[in-house]
Structures are given as C-alpha cells and as structure tokens.
Amino acid sequence: MKEQKEHPFVSSLYLLRNSNDRAALARLRRGLGKRMGTPDMYPYVVPYLPDSSWGHERYFLVASLFAVHPAESRRGISFGSVFRKIWEDSGKSDSIMKRFEALLSADSEDIGGYLRHAISLAKSRNVAIDYHQLFYDLGYWDHPDRFVQRAWAKDFWGYKMQKTIDS
C-alpha cells in the first residue's frame, strides 16, 4: 500500500506526545471504547473534524488508540506489517494469526474493539504504529473492494511468496 500524506489531525497527536502533554493523552485515553469519544477529547479532536459527519468516529478512535501507544513507526507501515512483526516475535503463534484474521473480518462497527486489543498487543511487544496510515486505512475500511484488508493481508502473508520467488 502506498504511503499516505501526513494528516494534520494525526500530526497534532504527535505534537501532544512530543510536548509531553500527559494530561492531554490521559484525556484522549478516556475515550477508548466509547463511540464518538468523550467530552474530554473534544478540545483535541473537534477542531479537526470535517464539516460532514461522515467519518467522525475514526478521529475519536485513532486519538484514543494513539494515546494508549504513541510510539511512531516509519511512514507507510500498515497494520498487516505490525501484526507480522508481532507474529514473528511470538514464535509465529496461531493465536496471533487468529487475532489478525478476526481484525480483517471486522466491520466498521466492531473495528474499534479489535484495534484496541491489537494496539495493546503492539505496545506489549514494543511495535510502533504508523497512525497516519492507520487513519487513512480506516477511512476506506468499508470500501466494497476491501482493498485495505487485502493490503494488510499482503503485508502479513505476502512476504512468504516473495521469499519463495526469490529463492
């Protein structure tokens, strides 16, 4: 999947982290698991919301996930690559692969719960996240072509094909 431009909203989250604003990050964490966040989050999220209400949920979701694990990866890293790293570090655990498959199967109504668990897992394994890419990907999660899910799957499983072809 091609690397996406930096989004001003996600950049604002990194500024909070870089300025060591722990109070702001705590306010953002309070919205974890709550649809459309909490009023504590509004000062940090609402200024960036687009005029149409379509897609507002992903702003609150990404903000709360970021506050849990604000480690920044290099740009262009999909969640498929994040899960592959976790899976490899776990000795290629079947349970990690099943979690990834469940994440790929989730619809937009349920994706927040799966991502909360995935972010906690990434934090426990010290695997950084490209939140700009995640923000972009969530905007297209429900696309009928499922190109985001296929790109994540390719980043998770596709490297096996490349190794076979190169061998």
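Because the structure is a prediction, the values reported are computed rather than measured.

A.B. asks: Give a description of the overall build of the chain that names residues and reports values.
C.D. replies: Regarding its fold elements, the chain presents 9 helices and 0 strands. Along its sequence from the N terminus, the chain presents helices and strands in the succession α-α-α-α-α-α-α-α-α. At 16 Å, the chain has a C-alpha radius of gyration in line with the 15 Å of a compact globule built from 167 residues. For the chain, long-range pairs separated by at least 24 residues make up 70% of all intrachain contacts whose partners lie at least 6 apart in sequence. For the chain, the exposed area adds up to about 9000 Å²; of that, 50% sits on carbon and sulfur atoms. Within the chain, one finds 25 positive and 20 negative side-chain charges whose respective centroids are separated by 5 Å.

A.B. asks: Please give an account of the packing of helix α1 (residues 8-18) against helix α8 (residues 131-139) that cites residues and values.
C.D. replies: Orientation of α1 relative to α8, taken along the N-to-C sense of each, is 145°, at an axis distance of 9 Å. Like other packed secondary-structure pairs, α1 and α8 cross with a definite hand, here right-handed. The residues of α8 that touch α1, namely those facing F9, V10, S11 and Y14, are Y131, H132 and F135. Taken together, the residues that form the contact of α1 with α8 break down as 5 nonpolar, 2 polar and no charged.

Each value, and the rule that gives it
- Each chain has its residues counted from 1, following the order in which its sequence is written.
- pLDDT decides what is reported in this predicted model: residues at 70 or higher carry local features, side-chain atom pairs at 80 or more are listed and counted, and totals for whole chains, interfaces and linings draw on all residues regardless.
- Hydrogens are left out, water is left out, and the side-chain values use all remaining heavy atoms of the structure.
- To qualify as a helix, a DSSP run of H or I must reach at least 4 residues; to qualify as a strand, a run of E must reach at least 2; elements of each kind are numbered from the N terminus.
- In this treatment the radius of gyration is a C-alpha quantity, and the globule benchmark scales as 2.2 Å times the residue count to the 0.38 power.
- What makes two residues a contact is simply this: any of their non-hydrogen atoms within 4.5 Å.
- All accessibility values rest on the Shrake-Rupley procedure with a 1.4 Å probe; residue burial counts only the protein chains present in the view.
- Residues scored as positive are Lys and Arg, those scored as negative are Asp and Glu, and His as well as the terminal groups of each chain are ignored.
- All charge positions are set by atom: Lys at NZ, Arg at CZ, Asp at CG, Glu at CD.
- Angles run from 0 to 180 degrees between N-to-C directions of axes, and those axes are lines fitted to C-alpha atoms, restricted for helices to the stretch in contact.
- The handedness criterion is simple: a crossing whose near helix is rotated anticlockwise from the far helix by less than a right angle is left-handed, and one whose near helix is rotated clockwise is right-handed.
- Here the term charged refers only to Asp, Glu, Lys and Arg, the term nonpolar to Ala, Val, Leu, Ile, Met, Phe, Trp, Tyr, Cys and Pro, and the term polar to all other amino acids, Gly among them.

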